[in-house]
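Descriptive analysis of the structure
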Amino acid sequence: MNDPQFRSDLYRGTANYYDRFRVPYPQDLLDDLTDRSGTSGEDSLLDLACGPGLISFALHDRFRDVWAVDQEPGMIDVARNKAAAAGINTIRFMTSSTEDLSVPENSFDLIAIGNAFHRMQRETVAARLMRWLRPGRCVALLWGGTPWDGQAPWQRAMSETMERWRARAQAHDRIPPRYDENRKRRPDLDILRDAGFEPAGSHQFPATWEWTPDTLIGFAYSTAVVSHDALGDLASGFEEDLRHAVRACEPSGVMRQSIEFAYELARRPA
């Protein structure tokens with residue numbers, strides 16, 4: 001059974017929200033990843049489905065060169081403008097899906113995919129990763145939690161509010177049918193293992209974060225399911241509803257969370 005096909009414009013209009021309101025990967029996760037993957041300043045990094053470059057910018061000074069690739073032009077525009085403003089010239093930005101990307105074999109020492117492997121045609125992509133990596137080098141699947149992960153009253157209120165407005169916007173088609181079924185049936189690491197990779201561990205790094213109603217709205221607009229584009233004219237109503245819902249649970253307007261970050265590492269056999 002093939003993976004379901006996600007829309008290619010799923011994150012249209014989210015790039016600035018993604019850049020401003022997504023929580024950065026913890027420094028200890030980044031340090032651990034580069035240590036375990038054995039990378040050095042002379043190596044090359046491929047950041048797939050890079051978004052506005054959260055991984056590329058966090059790691060660019062640890063690599064000789066970085067390719068940052070995303071199929072959404074808006075994401076690449078934001079990332080390229082950030083690099084220009086910061087005077088960073090070691091990141092090469094490209095607009096392409098991973099499935100259509102042309103990469104010479106044995107080109108990279110680390111391939112990173114942040115919160116995105118599940119949206120790809122995983123078997124096809126895993127086979128490509130195997131060819132693109134140099135022997136003995138690694139692919140890392142990075143993950144970060146969402147504000148509504150948890151059972152705090154404000155988290156339940158946010159989840160319920162998002163689902164209510166997703167239904168009003170008739171945005172349920174933004175997640176393909178069979179998506180959950182496919183991932184449960186064949187987890188990501190099984191896909192990589194079947195492609196010939198050797199699993200090299202899963203590593204967790206919790207981080208403490210404080211949210212406000214406005215930053216929760218910004219995060220929601222960085223998602224595929226209730227992006228500003230998906231909500232359209234309903235956006236102002238959603239904002240008012242979400243502010244009211246979370247403040248009813250936390251009148252101070254400050255919501256504290258321990259967010260789970262993690263990465264799964266797999267190695268191409270030497």
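Now for a look at the structure at hand.

About the criteria used
Residues numbered from 1 in each chain as written. Predicted model: local features only at pLDDT ≥ 70, side-chain atom pairs only at ≥ 80, totals over all residues. Heavy atoms only, no water. Pairing = 2+ DSSP bridges. Helix = DSSP H or I, 4+ residues; strand = E, 2+ residues; numbered from the N terminus. Axes fitted to C-alpha atoms, helices over the stretch in contact; angles between N-to-C directions. Buried < 20%, exposed > 50% of the residue type's maximum accessible area, 1.4 Å probe, protein only. Parallel < 35°, antiparallel > 145°, perpendicular 65-115°, else oblique. Left-handed = near helix turned anticlockwise from the far one by under 90°. Contact = heavy atoms within 4.5 Å. Salt bridge = Lys/Arg side-chain N within 4 Å of Asp/Glu carboxyl O. 1 Å grid on protein atoms, 1.4 Å probe; cavity = no way out; pocket = protein on both sides within 12 Å on 5 of 7 lines; lining within 4 Å. Points joined across faces, edges and corners; volume = space filled by probe spheres on them. Phe/Tyr/Trp six-rings, centres within 6.5 Å; stacked < 30°, edge-to-face > 60°. Lys NZ or Arg CZ within 6 Å of the ring centre and 35° of its normal.

1. A word on the sheet that holds strand 6 (residues 198–211)
Working definition: the strands of a sheet are paired by backbone hydrogen bonds and lie parallel or antiparallel to each other. An order of 3-2-1-4-5-7-6 is seen for the 7 strands of this open sheet, with the pairing classed as mixed. Each edge of the sheet is formed by a strand with only one pairing partner; in this case those strands are strand 3 (91–95) and strand 6. Geometrically, the sheet is characterised by an average inter-axis angle of 20° between neighbouring strands, direction not taken into account. Summarising the sheet, strand 5 (residues 133–144) and strand 7 (residues 255–267) pair through 7 bridges and their orientation is antiparallel. Following the sheet pairing, Ala 140 is matched in strand 7 by Leu 265.

2. A short note on the pairing of strand 4 (residues 108–114)
Within strand 4, 7 of the 7 residues are buried, which leaves the element mostly enclosed by the surrounding structure. Examined bridge by bridge, strand 1 (residues 44–48) and strand 4 share 4 bridges and lie parallel to one another. When the sheet's bridge partners are listed, Leu 48 is paired in strand 4 with Ile 113. Inspection of the sheet shows strand 4 paired to strand 5 by 6 bridges, in the parallel sense. Bridging across to strand 5, Phe 108 finds its partner in Leu 133.

3. Looking at the packing of helix 6 (residues 153–168) against helix 11 (residues 235–249)
Where helix 6 meets helix 11, the axes come as close as 8 Å, and the angle between the chain directions of the two elements is 160°. Overall, the two elements helix 6 and helix 11 adopt an arrangement that is roughly antiparallel. Handedness of the crossing formed by helix 6 with helix 11: right-handed. For the pair formed by helix 6 and helix 11, the contact residues are Pro 153, Trp 154, Ala 157, Met 158, Thr 161, Met 162, Arg 164 and Trp 165 on the first element and Gly 237, Phe 238, Asp 241, Leu 242, Ala 245, Val 246 and Cys 249 on the second.

4. Observations regarding the pattern of salt bridges
By the definition in use, this model includes 21 salt bridges. Close ionic contact of Arg 64 with Asp 65 constitutes a salt bridge, the shortest N to O distance being 3.1 Å. With a shortest N-O distance of 2.7 Å, Arg 183 and Asp 188 are connected by a salt bridge. Assessed through its relative accessible area of 25%, Arg 183 is described here as partly exposed. If you follow the salt bridges from partner to partner, you end up with Asp 3, Arg 122, Arg 183 and Asp 188 in one network.

5. Let's talk about unusual backbone geometry
The general pattern is negative phi for most residues beyond glycine and trans for most peptide bonds. The backbone phi angle of Asn 115 is positive, close to 50°, even though this residue is not glycine. By the element assignment, Asn 115 lies in the loop between strand 4 and helix 5 (122–132). The exposure class assigned to Asn 115 is buried, which follows from its relative accessible area of 15%. Here Gln 170, not a glycine, exhibits a phi torsion of approximately 55°, which is positive. With respect to the helices and strands, Gln 170 occurs in the loop between helix 6 and helix 7 (179–185).

6. Some words on the side chain of Arg 166
For Arg 166, the location among the structural elements is in helix 6. Overall, Arg 166 belongs to the buried group, its relative accessible area being 15%. Contact partners of Arg 166, with chain neighbours within four places excluded, come to Ala 171, His 172, Ile 175, Val 225 and Val 226.

7. Re empty space enclosed by the protein
Under the counting rule described, the total for this entry stands at 1 cavity of 30 Å³ or more. When its volume is computed, the largest cavity comes out at roughly 40 Å³. Lining the largest cavity are Asp 3, Pro 4, His 118, Arg 122, Tyr 179, Asn 182 and Arg 183.

8. Overview of the packing of aromatic side chains
Each pair of aromatic rings is reported with the distance of its centres and the angle of its planes. Counting across every chain of the model gives 12 aromatic pairs. Between Trp 165 and Phe 238, the aromatic rings sit 6.5 Å apart at their centres with planes inclined by 75°, giving edge-to-face as the arrangement. With Trp 165 in helix 6 and Phe 238 in helix 11, this residue pair connects regions lying 73 residues apart in the sequence. Phe 238 carries the same exposure label as Trp 165, and that label is buried. Members of the aromatic cluster, connected to one another through ring pairs, are Tyr 17, Phe 21, Trp 165, Tyr 221 and Phe 238. Residue placement shows Arg 22 over the ring face of Phe 219; its charged tip is 4.6 Å from the ring centre. Of note, Arg 168 hangs over the ring of Trp 165, and the distance from its end group to the ring centre comes to 4.3 Å.

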